[in-house]
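# An overview of the molecular structure
Listed below, chain by chain, are the residues.
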Amino acid sequence: MSIAPATSTLISPEDAGFASLQAETAIRSISARIIAAPTRRKHKLSNTSVNHQGYIFVEVTLENGVVGYGEGSTLGGPRWAEESVEAMKANIDAYIAPALIGHPACELERAAKLMAGACKRNNSAKSAVDMALLDATGKTLGVPAHVLLGGAQHQSFSAIWALASGDAAQEVEEAQGMIEKGWFNRFKIKLGFADPATDLGRLAALQKALPAGTDIIADVNQGWSEADCIRYLPRLEDLGVSLIEQPLPADQMAGMARVAQRSAIPIMMDEGVFTPAEAFDGCAKAAGSVISLKLCKHGGVHQLKQVAGIARAAGVQLYGGCLLESSIGASAHLHAFSTLPALEWGTEHFGPKILVEDLTREGLVYENFRVHLPEGPGLGITPDPDRLDRYEIKD
Ligand SMILES: [Mg+2]
């Protein structure tokens with residue numbers, strides 16, 4: 001018996017439809033602007049403090065005239081990680097844009113490879129361009145961005161608000177206000193910028209003031225030593241903290257593993273896991289049982305999904321982290337998160353609500369303590385040109 005040769009229903013590269021899509025989505029130009037958007041209150045971390053949030057705003061124009069938008073964010077310059085908005089703009093203008101001009105935006109994996117060849121790391125700059133390509137391709141095809149990533153399995157996510165003023169009374173009032181509005185009823189408190197005893201006083205005040213059983217996560221932003229952890233982990237346990245984020249410096253994976261082994265509370269890797277290789281290393285060393293996903297760390301939606309896949313294979317849970325992205329960057333994260341089998345810890349993406357003004361016309365929907373996946377082609381958001389003009393930092 002002979003077996004008939006298989007016939008493929010896939011569009012061949014020679015197919016006129018595919019060739020015309022490649023031509024239509026060829027990248028004509030890429031521009032990057034620096035934005036400083038005011039925040040409603042000071043946001044403090046273990047090593048910095050901001051009252052304006054810095055973004056790089058990317059516009060990619062295709063040969064068919066469609067424009068895609070993306071955003072990279074930092075916290076207070078190159079302190080949270082090595083990138084600043086100024087460096088992102090310089091590297092996009094000089095290296096990333098020239099490598100991509102003329103190539104089809106619809107070939108996202110190839111674009112990621114071209115960007116990797118054009119510059120090392122620079123993950124936030126790459127992710128800003130990557131999300132603009134995703135937006136432009138989705139708009140060209142008339143489909144939401146998540147369709148290009150495998151399709152949404154979730155339409156909304158449990159949302160977490162970060163408390164980071166350092167003032168216990170203000171933080172209690174802010175948390176209560178978020179519960180009243182129906183926006184957030186889970187909270188992450190930033191530790192590590194005062195001595196641990198003072199920080200724990202803020203945490204105790206919060207735990208006492210909020211309804212019993214309120215989920216409280218502690219983010220140390222690399223601010224403690226292993227000795228601090230040994231001493232203070234039992235106190236965090238007594239206060240009912242559900243998760244501890246990156247207590248040790250990013251490069252102390254072995255120390256994180258010892259802390260994770262000792263801790264009765266799950267430990268989350270954040271600054272220690274940027275690349276898929278770092279995710280593999282962290283999982284192999286058991287440096288935590290949760291990973292925080294962020295496009296600015298992973299360098300694009302496909303790399304984020306690689307990190308998520310490594311975590312899933314290792315039995316490590318996932319958390320949707322943020323770096324105070326506006327509705328533009330947040331929407332790209334929600335599209336990527338929506339395609340994952342599970343995002344066990346929900347997501348932050350409170351950035352749009354900490355800004356004095358949303359940078360998009362629609363804004364994201366926050367209701368019943370959940371943030372919703374935007375609808376419509378591409379990322380499903382429209383940047384507000386007047387607000388971007390107002391907050392642009394020009395030379
Ligand atoms: Mg963090």
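Residues numbered from 1 in each chain as written. Predicted model: local features only at pLDDT ≥ 70, side-chain atom pairs only at ≥ 80, totals over all residues.

### Concerning the pairing of strand 2 (residues 49-62)
As a reminder, the rule being used: Strands pair, by our definition, only if DSSP identifies at least two bridges between them. Secondary structure follows DSSP: runs of H or I at least 4 residues long count as helices, runs of E at least 2 residues long count as strands, and numbering of each begins at the N terminus.
Sheet analysis places strand 1 (residues 27-44) next to strand 2, joined by 13 bridges and oriented antiparallel. Considered in strand 2, the bridge of Ala 36 is made with Gly 54. Two strands pair when backbone bridges link them, and strand 2 and strand 3 (residues 67-73) are joined in this way by 7 bridges, in the antiparallel orientation. Its bridge partner being in strand 3, Ile 56 is matched across the sheet by Gly 72.

### Remarks on the nonpolar core
Let me state the cut-off plainly: Nonpolar cores are identified as sets of buried Ala, Val, Leu, Ile, Met, Phe, Trp, Tyr and Cys residues joined via C-beta atoms within 7 Å. Counting other C-beta atoms within 10 Å of its own, a residue is labelled buried from 20 upward, exposed at 12 or fewer, and partly exposed in the gap between, with every C-beta atom placed from the backbone. Domain boundaries shown here were taken from an automatic or database domain assignment. By the convention adopted here, residues make contact when the C-beta atoms placed from their backbones lie within 7 Å.
In this structure, Val 58, Val 60, Val 129 and Ile 291 are the most contacted members of the largest nonpolar core, which totals 116 residues. For this core, the element with the most residues is helix 4 (residues 123-141), which contributes 8 residues. When residues of this core are assigned to domains, at least three fall in each of domain 1 (25-142) and domain 2 (147-389). Apart from the residues within four sequence positions on either side, Val 60 is in contact with Ile 27, Ile 30, Val 67, Gly 68, Ala 105, Val 129, Ala 132, Leu 133 and Ala 136.

### Comments concerning the domain arrangement of the protein chain
The condition is simple: Side-chain classes are defined by residue name, with Ala, Val, Leu, Ile, Met, Phe, Trp, Tyr, Cys and Pro counting as nonpolar, Asp, Glu, Lys and Arg as charged, and the others, Gly among them, as polar.
Domain parsing of the protein chain yields domain 1 (25-142) and domain 2 (147-389). A C-alpha centroid distance of 21 Å is found between domain 1 and domain 2. Listed per partner, the contact involves 38 residues of domain 1 and 36 residues of domain 2. Within the residue set of the side of domain 1 that touches domain 2, elements represented by two or more residues are strand 1, strand 2, strand 3, helix 3 (108-118) and helix 4. Taken together, the residues that form the side of domain 1 that touches domain 2 break down as 14 nonpolar, 14 polar and 10 charged.

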